Amino acid sequence: MAVAFNVTGVERGGWAVLRVSGELDLMTSPVLRQRVHDAVAEGHHSLVVDLSGVFFCDSSGVGVLIAARRLIRSCQGRLRLILPDQGADDGSHVNRVLGALGVRRLFDVRPDVESAVIDEDEAGPLSA
């Protein structure tokens, strides 16, 4: 049984939070790309993308995340990803994919939304 792809948005503590569920692939990644662009166009430069409900991600999905990072950085904004160690059935697929590709270190990764929307003066991700 296929799970429908869905992106929902809420605001939490000055952060726009996009919750993504389903498969992030060639067919669905343009939806996430548009939602990120819409959030930035609405003036949200602090963005959390919750990927804990994503159970599959291909290279087009990774490309959207990297493009989102680039867009947010161009606005001097902040991007945080929710990539729990466990989630979306048997563990965070996206977490494993980003790690295997060597790009996970580029993102500010948090285990849950609560920790992502806290403003703190800690070291962020590596610059690239």
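Residues numbered from 1 in each chain as written. Predicted model: local features only at pLDDT ≥ 70, side-chain atom pairs only at ≥ 80, totals over all residues. Heavy atoms only, no water.

Caption draft 1: Inspection of the sheet that holds strand S5 (residues 108-110) at higher detail. Strand order in the open sheet made by the five strands is S1-S2-S3-S4-S5, with mixed pairing throughout. Edge positions in the open sheet fall to strand S1 (6-12) and S5, since each of these has one partner strand only. Within this sheet the neighbouring strands show an average axis-to-axis angle of 25 degrees, counted without direction. Bridging between strand S2 (residues 15-24) and strand S3 (residues 46-57) involves eight bridges; their strand directions are parallel. Within S3, the position partnered with Leu18 by the bridge is Val49. Lying over the sheet, helix H2 (residues 59-74) contacts S2, S3 and strand S4 (78-82), oriented at roughly 150 degrees with respect to S4. Together, S3 and S4 form the strand contacts of helix H3 (residues 93-101), whose direction differs from that of S3 by roughly 100 degrees. (Pairing = 2+ DSSP bridges. Helix = DSSP H or I, 4+ residues; strand = E, 2+ residues; numbered from the N terminus. Axes fitted to C-alpha atoms, helices over the stretch in contact; angles between N-to-C directions. Contact = heavy atoms within 4.5 Å.)

Caption draft 2: A look at the nonpolar core. Ranked by internal contacts, the top residues of the largest apolar core, which has 30 residues, are Leu32, Leu47, Leu51, Leu65, Leu81 and Leu98. Counting residues per element, this core draws most heavily on H2, at six residues. Not counting the four nearest positions on each side in its chain, Leu47 is found in contact with Trp15, Ala16, Leu18, Val36, Ala39, Ile72, Arg78, Leu79 and Arg80. If you look at the next biggest cluster of nonpolar residues, it comprises seven residues, including Trp15, Val48, Val113 and Ala116. (Core = buried A, V, L, I, M, F, W, Y, C linked by side-chain atoms within 4.5 Å. Buried < 20%, exposed > 50% of the residue type's maximum accessible area, 1.4 Å probe, protein only.)

Caption draft 3: View of H2. The terminal C-alpha atoms of H2 lie 22 Å apart, and with 16 residues this matches the ideal 22 Å at 1.5 Å per residue to within 8%. Residues Ser60, Gly61, Val62, Val64, Leu65, Ala68, Arg69, Leu71 and Ile72 constitute the buried set of H2. Tucked inside the fold, the buried residues of H2 contact S2, helix H1 (29-41), S3, S4 and H3. Directly beyond the C-terminal end of H2, a positive phi value near 55 degrees is found at Gln76. (Expected span 1.5 Å × (residues − 1).)

Caption draft 4: Focus on the pattern of salt bridges. Following the criterion strictly, the structure yields four salt bridges and no others. Residue Arg12 pairs with Glu114 through a salt bridge whose shortest N-O separation is 3.7 Å. In this pair, Arg12 sits in strand S1 while Glu114 sits in helix H4 (residues 113-116), placing the two residues 102 residues apart along the sequence. The closest approach of N and O atoms between Arg80 and Asp108, which form a salt bridge, is 3.1 Å. Residue Arg80 is found in strand S4, and its partner Asp108 is found in strand S5; the two are separated by 28 residues along the sequence. (Salt bridge = Lys/Arg side-chain N within 4 Å of Asp/Glu carboxyl O.)

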